[in-house]
Amino acid sequence: MKNASKMIPCYSADTAGVCSAMYELGGMTVTHDASGCNSTYSTHDEPRWYDIRSDIFISALTEMDAIMGTDEKLISDTVKAAEDLHPKFITLCGSPMPMMTGTDFDAIAEEVERRSGIRTFAMHTNGTHSYIDGASEAMLAVVTEFVNECPKADGIGVNILGMTPLDFKWRGTSDLMKKWLGESGLEYISCLAMGSTLDEIKNAASAKVNLVVSYAGMASAEYMKDKFGIPYVCGVPFGIRAAESLADTIKKAAESGSSVLLAERSTDTCDTVIIGESINAVFLSSALYQELGISSSVICPLPTETRLLNSCDAEYLAEEDIEKALKELSPKTVIADPLYKSVIPKGTRLIGLPQFAFSGRCFEKHMPDLIYTDIKEYFK
Amino acid sequence: MIKLAIYGKGGIGKSTISSNISAELTRRGMKVMQIGCDPKADSTSLLCGKRIPTVLDLTREKGSRLTLDDAVYESPSGVVCVEAGGPVPGVGCAGRGIINALETLKKLGAYDVYKPDVVIYDVLGDVVCGGFSMPMRKGYADKVFVVTSGEKMSKYAAANICMAVENFRDRGYASLGGIILNRRGVRDEDEQAKELADDFHTSIIGTLDRSEEIQLADEQQKTVSEAFPECKAAKQLSLIADGVLASFK
């Protein structure tokens, strides 16, 4: 049973990625799924649910709807809700059941848009892929639809791409990012999609550089590079010195117009392994090296690209592959979500770095602030 | 690029007609890709002289390492052949299989790599579920041709297919290209086929008489024009190919 997780949970699914990316943008998100499933996407996977209102719905798909292919119910319910709520846009997501019955979301979205007069996006989610895929598709849809050419900001304007609470601590991160940009002489334009309004995002083409903080933002960064000529820099401003170094990289990219993907990392033998989303993990590895002289490698269990990783890093999706790799590497320390504990060799130190997409609310209170903050104490 | 789907009741001759159209258009200098959308995976065996591995079997075997070279075969006559495949009878979901196979081909860039002038989707039986409407969806076939005889069940299936095409009209799916009459010697067969065509505001774009040469060519695993180029059936199949092309003008 390859890819069956026996001890560790699986990451949030693509649908949760869409809901998370669209959460604060004033749209209406409808997942075509059985009644009750909204709690998965909007409460278990969503720390903002009790604090920020968002119009996220489940179509309450029944067995008979699936058998009879009654797309009309989804279309008319969505249009009716949109007439009441006046969302800025509508997003339709799939789940496993409509995947099996071959629901044509592109055609349904066209129909909803025709009847409601509201821009409607069809997301090609089916609940079997990672949240990265869903968030990536949703962010790209927003950028493609709403970002148009506009005058450049006076300073070095920066968009943050790929930020959702599934990868980043919700409370505090936006403020720390803005503080870091401001103190580094950079100008915050927008954040896709945590802490920004749709109007701020519409202004995204005024930026000189895009900062891609997770792989979910990569497709949008590539699109904006092609469409508006905005270069992108991959990175997360962990620590103080590494954050300053990342700010310098952004300034150089603004000047040269060239994108920068890789971080300053050690090539020494690594006795520390970081498990997590690729850009987060790679730039935490870089920060550990710059701030503490720690050499670390990365195990990425989520969609990414080889060009973002070093030769010492690895992409493993299956639990048994991660477990085997950790046995072979035999690191002194593993930095990962606390729920990875069960696949880490005995005697190995685990520094817990909770991730909402992996352990949900379990360790929410223990999520540290690492952005533009001294990280020495946490990782010493 | 011309993209068409051929539907019709099981056993009505869709694969034979599809393969003969493919071979005929290839003979005229066009690059044709024929995609069998049937779990039986025998649409292209007439063209290739053997069964070829299916996209779904290869996906199961190779996963993300699957390439177009694994799944695409060129027949001796030059037709680019693909079989979607599907589960064995009685288990799984054949409709979902068609969706998965067609999405895989698209993801692998099959249409960009082979740049066919004509794509023919040879689709199993009736439009029994969402999966079997996949070839008529936006981005796949532009026109649907329905093969029927004058037999009651064949006409019934044909009417269902035509109705599905009509139902999906607002979705920008394929339109009805026409009826292909595969005569089985039923009384008033031409009139019955015409009545069906009239009901759905379409026309009969070609006819094929029952002939021994078709069966003999099938047994030899050859197209009719290869095995018996001068026979009446070969000429009728050539006219059907003309009718298909004409409907796109």
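Scroll up to find the structure.
None of these values were measured; they are calculated from a predicted model.

Okay, the overall build of chain A next. Across its full length, chain A holds 15 helices and 13 strands. Taken over the C-alpha atoms alone, chain A extends approximately 60 × 55 × 35 Å along its principal axes. Counting only residues that meet the buried cut, chain A has 58% of its 380 residues in that class. Partitioning the intrachain contacts of chain A with sequence separation of at least 6 by distance along the chain shows that 72% fall at a separation of at least 24. With the model as given, the accessible surface of chain A reaches about 15,400 Å², and the carbon-plus-sulfur share is 52%. The averaged location of the 53 negative side-chain charges in chain A is 6 Å from the averaged location of its 34 positive side-chain charges.

Right, let's get into the sheet that holds strand 11 (residues 314-315) of chain A. All names here are of chain A. Here we have 5 strands laid out as an open sheet, ordered 11-10-9-12-13, and parallel in their pairing. Of all strands in the sheet, those bounded by a partner on one side alone are strand 11 and strand 13 (349-352). Across the sheet, helix 12 (residues 278-292) lies against strand 9 (272-275), strand 10 (296-300) and strand 12 (333-336), angled at about 170° from strand 10, the strand it touches most.

Before going further, it helps to examine the pattern of salt bridges. Pairing is possible between side chains of opposite charge, provided their charged atoms come close. What the rule picks out here adds up to 33 salt bridges over all chains. A salt bridge links Asp104 of chain A to Arg137 of chain B, with the shortest nitrogen-to-oxygen separation between them at 3.7 Å. Here Arg137 of chain B lies in the loop between strand 5 (118-123) and strand 6 (143-148) and Asp104 of chain A lies in the loop between helix 5 (96-101) and helix 6 (105-116), a pairing that spans two chains. Residue Asp104 of chain A shares its accessibility class with Arg137 of chain B, and that shared class is buried. For Arg184 of chain B, the salt bridge identified is with Glu151 of chain B, shortest N-O distance 3.8 Å. Placement of the pair is Arg184 of chain B in the loop between strand 7 (175-182) and helix 8 (189-199) and Glu151 of chain B in the loop between strand 6 and helix 7 (152-167), with a sequence separation of 33 residues. Look at Arg184 of chain B and you get partly exposed, because its relative accessible area is 25%.

Attention now moves to the interface of chain B and chain A. Across the contact, 10 residues belong to chain B and 12 residues belong to chain A. Interface area for chain B against chain A, summed over the two sides, is near 810 Å², with a carbon-plus-sulfur share of 42%. Looking only at chain B, the three residues that lose the most surface to chain A are Arg96, Arg137 and Arg171 of chain B, adding up to 61% of its buried area. On the surface where chain B and chain A come into contact, there are 3 salt bridges. In this structure, the connection of chain B to chain A is made through 5 residue pairs in polar contact (both at pLDDT 80 or more). When its residues are assigned to classes, the side of chain B that touches chain A shows 3 nonpolar, 2 polar and 5 charged.

Parameters at a glance
Residues numbered from 1 in each chain as written. Chains lettered and ligands numbered in written order. Predicted model: local features only at pLDDT ≥ 70, side-chain atom pairs only at ≥ 80, totals over all residues. Heavy atoms only, no water. Helix = DSSP H or I, 4+ residues; strand = E, 2+ residues; numbered from the N terminus. Buried < 20%, exposed > 50% of the residue type's maximum accessible area, 1.4 Å probe, protein only. Contact = heavy atoms within 4.5 Å. Areas by Shrake-Rupley, 256 points an atom, 1.4 Å probe, with all protein chains shown as cover. Lys, Arg positive; Asp, Glu negative; His and termini not counted. Charge placed at Lys NZ, Arg CZ, Asp CG, Glu CD. Pairing = 2+ DSSP bridges. Axes fitted to C-alpha atoms, helices over the stretch in contact; angles between N-to-C directions. Salt bridge = Lys/Arg side-chain N within 4 Å of Asp/Glu carboxyl O. Buried area = accessible area lost by both parts, 1.4 Å probe. Polar contact = N/O pair within 3.5 Å; in protein donor to acceptor, adjacent residues only side chain to side chain. Nonpolar A, V, L, I, M, F, W, Y, C, P; charged D, E, K, R; others polar.

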